[in-house]
Amino acid sequence: MRITILFILSLFGMSLIQFALPQQYAITTVAGGGSDIIGDNIPATQVFLNKPYGLEIHGELLYIADTYNDRIRVMNLTSHKIRTIAGSGVRGFNGDFSMDAMQVMFRQPEDVKIDPTDGNLIISDTFNNRIRKMWKESGNVSTIAGTGATNTAPGLNFNSDNILAVDSLLAWPLGILPLSNGELIISDMWNHRIRKILTNGTITTIYGNGLEGSAADGSIALNSRVCGPGSVIRLVDGSLGIAEIYTNKIRSISLENGTLTTLGGIGPVGMVIKNGGLSGDGGLAINAKLNNPHFMATSPSGDLFISDSYNGRIRKIQANGTISTIAGMGAINVNWGTLNFNGDFKIATQALLSFPTGIVYDKKNDEIYFADSSNNRIRKLSLSIFCNGTLYTNSSVCSGNGKCIATETCQCNSGWKGQLCETPDCGLVHNCSSYGNCIGPNQCQCETGYLGIDCSIPTCENISSLNSSFVCSGNGKCQTLNSCNCSEGYFGIVCQLTTCNGFLSNSSQVCLGRGKCVGPEKCSCFGSWVGSNCEIFDSSPKLKEYDETGLIVSMTISGVILLIAFILDIASCVNIPKLRMKFKKQELN
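Sequence order as written defines the numbering, with residues in each chain counted from 1. Reporting in this predicted model follows two pLDDT cut-offs: at least 70 for local features of residues, and 80 or more for side-chain atom pairs to be given and counted; totals over whole chains, interfaces and linings ignore these cut-offs and use all residues. Each side-chain value is derived from all of the structure's non-hydrogen atoms; neither hydrogens nor water enter the calculation.

K.L.:
What is the right way to read the overall build of the protein from this model?
P.N.:
Secondary structure counts use DSSP, requiring at least four H or I residues in a row for a helix and at least two E residues in a row for a strand, with both numbered from the N terminus. Scanning the protein from N- to C-terminus turns up one helix and 51 strands. For the exposure calls, accessible area comes from a 1.4 Å probe over protein chains only, and a residue counts as buried if that area is under 20% of its type's maximum, exposed if over 50%, partly exposed in between. Within the protein, buried positions represent 47% of all 589 residues. Only heavy atoms matter for contacts: two residues are in contact if any of them lie within 4.5 Å across the pair. In the protein, the proportion of contacts linking residues at least 24 apart, taken out of those at least 6 apart, comes to 39%. Summing over all exposed atoms, the protein offers an accessible surface of approximately 28000 Å²; the carbon and sulfur share of this is 53%. Using the Shrake-Rupley algorithm and a 1.4 Å probe, accessible areas are obtained, with residue cover drawn only from the displayed protein chains.

Set out below in structure tokens:
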């Protein structure tokens with residue numbers, strides 16, 4: 001378990017938030033899932049892999065036993081390009097030494113390893129019942145163990161030990177482990193043995209008496225029963241680790257005294273349990289149930305990674321002996337040959353796996369590669385940061401509005417807030433003044449009746465409070481929604497009413513019915529009616545004048561005389577020598 005400590009500083013002080021969270025792995029596909037069968041020097045995710053099994057990592061290269069394509073591939077982990085280095089793609093056997101590796105026929109090779117002593121490639125040509133070597137200098141392939149005999153009935157394809165390995169009968173050899181002293185460990189699966197090829201080319205058995213079963217801890221490996229051993233690895237303490245597929249156990253063999261120890265998996269001693277189960281996460285691995293574990297890998301710290309194949313999971317046994325699932329949901333349809341894929345770039349325990357097999361640990365980058373065999377992919381597990389189950393590099397992390405800077409910790413972009421940056425922030429527009437909804441960064445959707453970028457402007461009868469000429473009939477102020485504060489002398493919902501001589505402005509009797517009440521005690525009289533209450537009828541004749549627009553301007557003759565006298569008086573003051581007045585048309589009323 002890793003502890004992530006996050007300090008959050010603010011203007012108001014400093015607070016400490018501490019999260020204690022389990023390690024989380026991100027899962028991605030690095031090879032396979034494409035349609036190109038040949039797949040030379042193309043992006044690895046464009047190639048079609050067919051039930052890949054064993055893997056080997058060497059420097060920047062990842063070697064892949066592309067089992068059902070009958071090829072050996074290599075992927076460059078820097079360029080992410082893939083190419084075929086051995087195998088014609090035609091299933092069968094066509095001899096040794098006579099042709100280069102690209103013409104060689106394999107029959108479902110299930111493991112591949114680099115010989116640390118000479119850099120040559122060791123291949124478990126499983127269904128040809130051979131162990132083969134690809135010589136890096138010549139590119140040729142030769143058999144180093146097995147005659148290729150085809151009798152593969154369990155326990156019935158064994159002839160002898162202490163003979164030349166090329167003369168031995170093997171039965172579906174699977175796991176291979178080249179040692180630094182030049183020896184080679186192989187799992188002779190259906191002969192129910194772990195065998196060793198010595199530097200002089202002879203072969204011997206180090207675990208298994210050829211009978212199916214499971215021996216008690218402390219038993220001598222050479223005299224013990226085993227059933228279907230899979231991959232073989234070197235553990236950090238120097239012992240051998242064995243994935244016992246059909247007893248559903250992980251065992252170790254001491255190279256000092258040859259005794260057995262169970263590292264993971266539970267099952268009755270002496271019995272073969274070909275169908276295991278799933279249990280035990282969080283507890284001791286020796287009390288857990290596994291289901292056909294095929295391959296293993298180990299880290300420098302001693303952690304053990306297991307492809308729990310029929311459980312559709314990658315499981316981890318820590319150095320303290322506890323077990324957990326680090327990838328795979330364990331959903332249905334995890335058996336061999338069934339596609340069970342639900343995407344990448346997620347927490348690995350939320351991914352669907354289908355019959356995971358080969359697995360290697362990348363010491364340089366602290367990452368794990370494994371063959372998601374029936375999904376026809378090679379996938380990678382990387383310890384990473386997630387926020388609400390989304391990988392920190394995913395564009396949708398933190399709702400797409402921030403950065404995932406630590407486990408379950410989002411740093412929101414400007415204009416967003418919330419634990420997952422899911423809530424827009426309208427702080428710069430006064431949070432929409434409580435009269436609207438914040439629908440984006442500083443973007444308000446105002447409630448009906450409110451206007452403005454911050455929804456602070458009320459309306460009265462759908463007229464903005466800022467429109468002083470029309471709101472509240474021009475006779476008041478709109479201070480809150482549909483609520484006018486009327487000027488003195490005005491009243492009504494929108495200040496549309498006033499009084500003239502005791503009558504409402506909308507009364508038929510206002511201004512004696514001879515005019516309109518246009519303001520407090522202010523009548524605008526019709527026709528010839530005049531007076532403060534339109535009570536006087538002015539019968540004097542009027543002059544009609546038509547201006548250039550055709551508008552009729554009516555006035556009394558006395559009014560015209562007074563207007564002319566006023567104009568002449570102004571003209572004399574400014575010393576205008578001559579005043580011309582022109583009427584387009586005159587007529588007396």
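More follows now that the structure is in view.
K.L.:
I would appreciate a short explanation of the state of the cysteines in the present structure.
P.N.:
What makes a disulfide is a covalent bond joining the sulfur atoms belonging to two cysteines. When the sulfur atoms of two cysteines come within 2.5 Å, that pair is taken as a disulfide. Scanning all chains against the criterion turns up 12 disulfides. Between the sulfur of Cys486 and that of Cys495 lies a disulfide, 2.0 Å long from S to S. On the S-S bond that ties Cys486 to Cys495, the torsion sits near -95°, and the link is left-handed. At a sulfur-sulfur separation of 2.1 Å, the disulfide partner of Cys525 is Cys534. Between Cys525 and Cys534, the S-S dihedral sits near -100°, and the bridge is therefore left-handed. Among the residues examined, Cys525 registers a relative accessible area of 23% and is labelled partly exposed.

K.L.:
Got a minute to help me understand the UniProt feature "domain: EGF-like" (unreviewed entry) in the protein in this structure?
P.N.:
UniProt positions are given in the numbering used here, feature names are shortened, and annotations may be inferred rather than shown by experiment. The UniProt record annotates "domain: EGF-like" (unreviewed entry) at residues 422–456. The span residues 422–456 carries 0% helix and 37% strand; its end-to-end C-alpha distance comes to 25 Å.

K.L.:
Is there a simple way to think about the sheet that holds strand 22 (residues 293–298) in this case?
P.N.:
As a general point, the strands of a sheet are linked pairwise by backbone hydrogen bonds and lie either parallel or antiparallel. Taken together, four strands build an open sheet; the order of strands is 22-23-24-25 and the sheet is antiparallel. The sheet is open, and its two borders are formed by strand 22 and strand 25 (323–327), each paired with just one other strand. Looking at each pair of strands side by side, their axes are set apart by 30° on average, direction ignored. Any two strands between which DSSP finds at least two bridges are classified as paired. Bridge count for strand 22 against strand 23 (residues 304–308) is four bridges, and the pairing is antiparallel. For Ala297, the partnering residue across the bridge sits in strand 23 and is Phe305. Every angle, taken between N-to-C directions, lies between 0 and 180 degrees, and every axis is a line fitted to C-alpha atoms, over only the stretch in contact when it is a helix.

K.L.:
In this structure, what is going on with the nonpolar core? I would like to understand it.
P.N.:
Here is a general trend for soluble globular proteins: nonpolar side chains tend to be buried in one another's company. Judged by nonpolar contacts, the single largest core of 25 residues is most densely connected at Ile314, Ile359, Ile368 and Leu381. When residues of this core are traced back to their parent elements, those giving at least two are strand 3 (25–32), strand 22, strand 25, strand 27 (356–362) and strand 28 (367–372). Side-chain atoms within 4.5 Å are what join buried Ala, Val, Leu, Ile, Met, Phe, Trp, Tyr and Cys residues into a set we call a nonpolar core. Counting 17 residues, the second largest nonpolar core, distinct from the first, contains Val30, Leu49, Leu62 and Ile378.

K.L.:
Looking at this structure, I do not really get the pattern of salt bridges. What am I missing?
P.N.:
Note on pairing: side chains with opposite charge can pair once their charged atoms come close. Counted as salt bridges are all cases of a side-chain nitrogen of Lys or Arg within 4 Å of a carboxyl oxygen of Asp or Glu. On inspection of all chains with the given rule, the structure shows 20 salt bridges. With its nearest N and O atoms 2.9 Å apart, the salt bridge here joins Arg91 to Asp70. A residue pair is termed long-range when its members are at least 10 positions apart, and Arg91 in the loop between strand 8 (81–86) and strand 9 (111–114) and Asp70 in the loop between strand 6 (61–66) and strand 7 (71–76) qualify at 21 residues. Arg91 gets classed as partly exposed once you look at its relative accessible area, which sits at 35%. Between Glu183 and Lys196 there is a salt bridge whose closest N-O contact spans 3.5 Å. Separated by 13 residues along the polypeptide, Glu183 in the loop between strand 14 (173–178) and strand 15 (184–188) and Lys196 in strand 16 (residues 193–197) bring together distant segments of the chain. Side by side, Glu183 and Lys196 carry an identical accessibility label, which is buried. Salt bridges sharing partners connect three or more residues here, namely Asp281, Asp308, Arg313 and Arg315.

K.L.:
Sorry if this is basic, but what is going on with the packing of aromatic side chains here?
P.N.:
In this description, a pair of aromatic rings is defined by centroid distance and the angle of the planes. Here is the rule: rings of Phe, Tyr and Trp (six-membered ring for Trp) pair when centre to centre is within 6.5 Å. Planes less than 30 degrees apart are stacked, more than 60 are edge-to-face, and the remainder are tilted. Tallied over the entire structure, the rule returns nine aromatic pairs. Taken together, a centroid distance of 6.5 Å and an interplanar angle of 75° make the contact between Tyr53 and Phe295 edge-to-face. Of the two residues, Tyr53 sits in the loop between strand 4 (42–43) and strand 5 (55–58) while Phe295 sits in strand 22, which places them 242 residues apart along the sequence. Judged by relative accessible area, which is 3%, Phe295 ranks as buried. Arranged with centres 6.0 Å apart and planes meeting at 65°, the rings of Trp172 and Trp190 form a pair that is edge-to-face. Here the residue Trp172 occupies a position in the loop between strand 13 (163–164) and strand 14, and Trp190 occupies one in the loop between strand 15 and strand 16, the gap between them amounting to 18 residues. Cluster of aromatic residues (ring-pair linked, three or more members): Tyr53, Phe295, Tyr310 and Phe355. Here, a charge over a ring is recorded when the distance from Lys NZ or Arg CZ to the ring centre is within 6 Å and its angle to the ring normal is within 35 degrees. Cation over ring: Arg91 sits above Tyr68, and NZ or CZ is 5.3 Å from the ring centre.

K.L.:
Just checking my understanding: could you explain the sheet that holds strand 40 (residues 463–464) for this structure?
P.N.:
Pairing in this open sheet of three strands is antiparallel, and the strands run 38-39-40 from one edge to the other. Pairing within the sheet leaves two strands with one partner each, and these edge strands are strand 38 (450–451) and strand 40. Summarising the sheet, strand 38 and strand 39 (residues 457–460) pair through two bridges and their orientation is antiparallel. Its bridge partner being in strand 39, Leu451 is matched across the sheet by Ile457.

K.L.:
Looking at this structure, I do not really get the pairing of strand 19 (residues 240–244). What am I missing?
P.N.:
The two faces of a sheet get side chains in turn, since along a regular strand they alternate between them. Extensive coverage of strand 19 is indicated by the burial of five of its five residues. Burial along strand 19 is two-sided: Leu240, Ile242 and Glu244 facing one way and Gly241 and Ala243 facing the other are all buried. Sheet topology places strand 18 (residues 229–234) next to strand 19; four bridges connect them, and they run antiparallel. Pairing of Val232 across the sheet is with Ile242, part of strand 19. In the sheet, strand 19 pairs with strand 20 (residues 249–253) via five bridges, with the strands oriented antiparallel. Within the sheet, the bridge partner assigned to Ala243 lies in strand 20 and is Ile250.

K.L.:
I'm lost on the side chain of Thr498 in this one. Help?
P.N.:
Positionally, Thr498 belongs in the loop between strand 42 (483–486) and strand 43 (499–500). Polar contacts involving the side chain of Thr498 include one to the main-chain carbonyl oxygen of Gly489, which spans 2.7 Å. Every residue in contact with Thr498, bar those within four places of it in the chain, is listed here: Gly489, Tyr490, Phe491, Phe503, Leu504, Ser505, Cys517, Gly519 and Pro520. Any N or O atom pair separated by 3.5 Å or less is treated as a polar contact, with the protein-specific requirement of one donor-capable and one acceptor-capable atom, and with residues adjacent in sequence counted only for side-chain atom pairs.

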